[in-house]
Amino acid sequence: MQKFKQIVSNKALEAVKSVFPDAMISSDDLASMLEYPPDTTMGDLALPCFKLSKTLRRSPVQIAQIIAEKLADPAIKKAEAVNGYLNISISDEYLCSVLCGEILENGDKYGSADFGKGKTVVLDYSSPNVAKPFHIGHLGTTVIGHSLKKLHEFVGYDCVGINYLGDWGTQFGKMIVAYKMWGDREAINEGGIDKLVELYVKFHHAAEEDLALNDEARAEFHKLELGDEENIALWKWFIEISVAEYKKTYAQLGIEFDSYKGESFYTDKMPAQVQKLRDMGLLKIDDGASIVDLEEYNMPPCLILKRDGSTLYPTRDIAAAVYRKQTYDFDKAIYVTSAGQSLHFAQWFKVVELMQYGWHDKLVHVPYGTVSINGAKLATRTGNVILLKDLFAQAIEKVSEIMDEKNPNLENKDKVAEAVGVGAIVFYYLSSNRIRDINFVLEDALSFDGNTGPYVQYTYARTCSLIEKAQDKELNSNVIFTSDEERELVKTLARFPEKVLEALDLYEPSVVTRYILDVATAFNRFYHNCQILSATDVDVLSTRVALTKATNYVLGNAFELICLKKTEKI
Ligand code: ARG
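Below is a short write-up of the structure.

Turning our eyes to something else, we now look at the site of the ligand. In the vicinity of the ligand, the contacting residues are Asp124, Ser127, Asn129, Tyr164, Tyr313, Asp317, Tyr335, Thr337, Gln341 and Phe345. At 2.9 Å from a nitrogen atom of the ligand is found a main-chain nitrogen or oxygen belonging to serine 127. Note that a nitrogen atom of the ligand is positioned 2.7 Å from one of the side-chain N or O atoms of aspartate 317. Sorting the residues of the shell around the ligand by element identifies helix H13 (313–328) and strand E9 (332–338) as the ones contributing at least two each. Looking at side-chain class alone, the shell around the ligand contains 4 nonpolar, 4 polar and 2 charged residues.

Have a look at this one:
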């Protein structure tokens, strides 16, 4: 549709210039004013002429009429002036040969672009804290982060996905104390991360009774910092076990990271940054701690060193950003975290600016809202957590039950149930604007009838099965539309490239998710109202199979962008 917009704006400009030769207006100005009318019976595109009224000194009604009279192109079926709007509809010929043709020609590349070529985007996402539960609060960073990676790759960027593991800090002192007191190597090797979290929780309970345990934990962490062999070995082992477990969850989502360099990697990279801050006169001592004063920017100070000289979260982020800039020379560095960390990012981004590195404007924080399940808020401290893997497991189990009823003979049932169960969670999560707080209602997410993951995956499977069945039909390459459902479907499909750009622009995967629903709805309307495989006219049959293929491509490409698996059979 971008090309159609261009045609319309170029022709509209010609029309305007023929009457107002001196008008200060460009085709891009006009293109940016074009809208999709909410009611498609009015047209496929509309140009509201109100803004033009000032420049051209005519009423919007007159302007719309002037352009309507002169707007002519094979791509345009009709241009009508209605109350200051110019309503434009697309010609059938353009719909068939250009819009539909483009999708079929580009196939699994349709919607992609290459304006990111030669540029690198670094994305920091998921980044759980080792030995603490990987809970549903991490769902957002994980799937939003990965979608943003896919979206950037789709338009040509080289992307580096970084899992900035929380693999350093006093929690390791606690883990070491707990392990030395109660740990059992075998049990942990077998039970994995759950056993580690158990130890962590046990430590917290015990430390409530026995305050000295916290001192012990500090001492163990200090030993770790000094490189004590036994503690280093334990620490590495804890990380290994945790990462192995995370990878299972990532595999369910189809996610792989390019780097697992966690917080610990930056330990020896912080002193240089602290020194630079000091040399630039940016550090202030406040009650023994070293801070960067940000009062001038209406923010609380950014803490760089504690009173005892130890480093902090912002210190590490600054060192990591410098390292990533040197290593990847990024064009953009994206950080996806809960909105609760927005101030942290605003603060250290400002510090990077004050350090005059010259690339602070390439740092982007993408925040998201909180998640609750069936109305219950999560609380890590009280142990009331829902683990991501448990949520996935529950969804997979429910989907299996539904499938046992609906399609008991399905091949690869377990795999499909996993794709649909996990997909349901992801789709539900990514249906809302990321900044909104979300309440999960599992029933709703898993429904096969609502606006859900299962519904769209089912629609995708439907396109696959039609395509397969069409294989033994005699088809030609003619495309002729004989129903409004076909026209509406192709118009919806043709908006995909714009949706990709919009999602990128707003850092908002939900644009793609909601678009997928539009496609599924348009396709199902077409499917229910038009005979596809039973069409008798060969041109009509060929058109409808081609449209089904086009839908299959667009849905498939869009699924990839939001971590939704392409299910060929359900
Ligand atoms: N590990 C942190 C947490 O779970 C998230 C890290 C986000 N990334 C960053 N560069 N600070 O809260």
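It is worth spelling out the packing of aromatic side chains at this point. Describing an aromatic ring pair means giving the distance of the ring centres and the angle of the ring planes. One pass over the structure, following the stated rule, counts 32 aromatic pairs. For the ring pair tyrosine 125 and phenylalanine 257, a centre distance of 4.8 Å and an interplane angle of 40° mean the geometry is tilted. Of the two residues, tyrosine 125 is situated in the loop between strand E4 (120–124) and helix H6 (137–154) and phenylalanine 257 in the loop between helix H11 (229–253) and helix H12 (270–279); the sequence distance between them amounts to 132 residues. Where tyrosine 266 meets tyrosine 323, the ring centres are 5.7 Å apart and the plane angle is 70°; that geometry is what we call edge-to-face. Of this pair, tyrosine 266 sits in the loop between H11 and H12 while tyrosine 323 sits in helix H13; the two residues are 57 residues apart in sequence, bridging distant segments of the chain. Judged by relative accessible area, tyrosine 266 falls into the buried class, the value being 1%. Among the aromatic residues, those joined into a ring-pair cluster are Tyr125, Phe134, Tyr246, Tyr250, Phe257 and Tyr260.

On to helix H18 (residues 453–469). Look at H18: 24 Å from first C-alpha to last across 17 residues, which is about the 24 Å you get at 1.5 Å a residue. If you check the start of H18, you find a side-chain oxygen 3.2 Å away from the backbone N of tyrosine 455, and it comes from threonine 452.

What follows deals with the pattern of salt bridges. Applying the stated rule across the entire model yields 30 salt bridges. Each member of the salt-bridge network shares a partner with another, and the members are Lys180, Glu220, Lys223 and Glu230.

What follows deals with the environment of alanine 503. Inspection of the secondary structure assignment puts alanine 503 in helix H20 (residues 496–506). Placed 351 residues apart in sequence, alanine 503 and histidine 152 show a C-alpha to C-alpha distance of 10.0 Å. Setting aside anything within four residues of it in sequence, one finds alanine 503 in contact with Leu151, Glu508, Val511 and Val512.

With that settled, the discussion passes to the sheet that holds strand E10 (residues 363–368). In spatial order, the strands read E5-E4-E9-E10; together these 4 strands make up an open sheet with parallel pairing. Each edge of the sheet is formed by a strand with only one pairing partner; in this case those strands are strand E5 (158–162) and E10. Each strand axis lies, on average, 20° off the axis of its neighbour in the sheet, ignoring direction. Pairing between E4 and E5: 5 bridges, direction parallel.

What follows covers the sheet that holds strand E1 (residues 45–48). Strand order across the open sheet formed by 3 strands is E1-E3-E2, with antiparallel pairing between neighbours. Edge strands, defined here as strands with exactly one partner in the open sheet, are E1 and strand E2 (76–82). On average, each strand axis in the sheet is tilted by 20° relative to the strand beside it, whichever way the strands run. When E2 meets strand E3 (residues 85–90), the two strands line up antiparallel, connected through 6 bridges. Bridged to isoleucine 76 within E3 is isoleucine 90. Relative to the sheet, helix H4 (residues 60–70) contacts E1, E2 and E3, its axis offset from that of E2 by approximately 160°.

What counts as what
Residues numbered from 1 in each chain as written. Predicted model: local features only at pLDDT ≥ 70, side-chain atom pairs only at ≥ 80, totals over all residues. Heavy atoms only, no water. Near = heavy atom within 4 Å. Polar contact = N/O pair within 3.5 Å; in protein donor to acceptor, adjacent residues only side chain to side chain. Helix = DSSP H or I, 4+ residues; strand = E, 2+ residues; numbered from the N terminus. Nonpolar A, V, L, I, M, F, W, Y, C, P; charged D, E, K, R; others polar. Phe/Tyr/Trp six-rings, centres within 6.5 Å; stacked < 30°, edge-to-face > 60°. Buried < 20%, exposed > 50% of the residue type's maximum accessible area, 1.4 Å probe, protein only. Expected span 1.5 Å × (residues − 1). Salt bridge = Lys/Arg side-chain N within 4 Å of Asp/Glu carboxyl O. Contact = heavy atoms within 4.5 Å. Pairing = 2+ DSSP bridges. Axes fitted to C-alpha atoms, helices over the stretch in contact; angles between N-to-C directions.

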